[in-house]
Amino acid sequence: MSNRWGPDLDWQHEVSTEFGDMICRPLTSDRFADMKEVFGDKGVARGCFCMHWRRPDGGYPDERDNIERFASVISDERPPGLIGYIESGPVGWVQVGPRSDFPTLQRSKLLAAADDRVVWSINCFVVRTGHRKQGVGRALLASAIEFARFRGAETVEAYPVDGKRSSSVDYFTGTMSMFDSIGFAEVARRNETRPMVRLDL
C-alpha cells in the first residue's frame, strides 16, 4: 500500500452532527493531547486507552501504562485513527487500521477472521462525555470509512454490539444500527450479540 501522505498530513473529512459540523483529522504526535482530552483522566474503561486490540501475545513485557504504550504507537506516517473536532474542541476518537495491526483480533475465537481477505478494522469509538447520543459516533464511522478508502483499503470490517449492555462504555465497538445505516453486511456471528460486519469500498 503506497504512502499517500503529503508533507503536512492535511487529510480531513467533514461530516454533520447534532452539535454542528465535525472535522476528523488523523491522530499525529502533535494531536496526542487532543486524544487524551477526549479519553479523560481515566483513559475510559479501566485505563485501556485503546490498547485492548493491540495487546501482544503473552501480554505486555513492561510496566508502562497504556497512555505511554499508545504514545509509542502513533506514527505520523501511519496514523492509528482519527480525532473528531467541533468548534468547542476535540470530541471523539475512532481507531482504524489494517486488521493485521491488532493481535487481540488475531487471537480471538469470537472475532476470528471470516476468510483470508485483507481487510481494515474499525474497532474502537470514544465520544467525549457531554457529547454522546448526538451523532458523533456515526460521524466518526463515516470518516473512518473515508480514511480507509484514502489509504487504499478495499474492505472495512467492524464488530458492533447487537443487544443491550450494562454501561455505555461497553458499546466501544459501536452499535449494529450505526453500521446498518451505512450499508455494512453481516459476514459472521459466533454469539448472539457480537456480529462481524463488512463494507466493500
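A short tour of the structure in this document, coming up. Because the structure is predicted, anything quoted here is derived from the model rather than measured. (Residues numbered from 1 in each chain as written. Predicted model: local features only at pLDDT ≥ 70, side-chain atom pairs only at ≥ 80, totals over all residues. Heavy atoms only, no water.)

## What to know about the overall build of the protein chain
Piece 1. Within the protein chain one finds five helices and eight strands.
Piece 2. Seen in sequence order, the protein chain has helices and strands lined up from the N terminus as β-β-α-α-β-β-α-β-α-β-α-β-β.
Piece 3. Rg of the C-alpha trace for the protein chain: 16 Å, near the compact-globule value of 17 Å for 201 residues, within the 12% margin.
Piece 4. Overall size of the protein chain, expressed as C-alpha extent along the three principal axes, is 40 × 40 × 40 Å.
Piece 5. Counting the 201 residues in the protein chain, one finds 47% classified as buried.
Piece 6. For the protein chain, long-range pairs separated by at least 24 residues make up 65% of all intrachain contacts whose partners lie at least 6 apart in sequence.
Piece 7. Of the roughly 10100 Å² of accessible surface on the protein chain, a fraction of 46% belongs to carbon and sulfur atoms. (Helix = DSSP H or I, 4+ residues; strand = E, 2+ residues; numbered from the N terminus. Rg over C-alpha atoms; globule rule 2.2 N^0.38 Å. Buried < 20%, exposed > 50% of the residue type's maximum accessible area, 1.4 Å probe, protein only. Contact = heavy atoms within 4.5 Å. Areas by Shrake-Rupley, 256 points an atom, 1.4 Å probe, with all protein chains shown as cover.)

## Comments concerning the pairing of strand β3 (residues 81-86)
Piece 1. With six of six residues buried, β3 lies mostly within the body of the structure.
Piece 2. Relative to strand β4 (residues 89-98), β3 runs antiparallel, the two being bridged by six bridges. By the bridge assignment for β4, I83 is matched with W93.
Piece 3. Where β3 hands over to β4, the hairpin turn is made up of two residues, counted between the paired strands. (Pairing = 2+ DSSP bridges.)

## Thoughts on the packing of aromatic side chains
Piece 1. On inspection of all chains with the given rule, the structure shows 11 aromatic pairs.
Piece 2. Measuring from ring centre to ring centre gives 6.2 Å for F125 and F179, while their planes differ by 70°; the resulting arrangement is edge-to-face. Here F125 is found in strand β5 (residues 120-127), whereas its partner F179 is found in helix α5 (residues 176-180), with 54 residues between them in sequence.
Piece 3. Residue F179 is classed as buried on the basis of its relative accessible area, which comes to 0%.
Piece 4. Between F179 and F184 the ring centres are 5.0 Å apart and the planes differ by 90°, which places this aromatic pair in the edge-to-face class.
Piece 5. Taking the relative accessible area as the measure of exposure, F184 reaches 7% and is therefore buried.
Piece 6. An aromatic cluster is built from F32, F39, F49, F70 and W93, whose rings are joined through pairwise contacts.
Piece 7. One Lys or Arg, R69, reaches over the ring of Y60 and ends 4.0 Å from the middle of that ring. (Phe/Tyr/Trp six-rings, centres within 6.5 Å; stacked < 30°, edge-to-face > 60°. Lys NZ or Arg CZ within 6 Å of the ring centre and 35° of its normal.)

## Describing helix α1 (residues 32-39)
One turn of an α-helix holds 3.6 residues; hence residues three or four places apart share an orientation.
Piece 1. Taken together, the buried positions of α1 are F32, D34, M35, V38 and F39. Within α1, the buried residues cover an arc of 155° as seen down the axis, which keeps them to one side.
Piece 2. Buried residues along α1 sit against α2 (66-73), β3, β4 and β5.
Piece 3. Just downstream of α1 lies G40, where phi reads positive at about 80°. (Arc of directions from axis to C-beta.)

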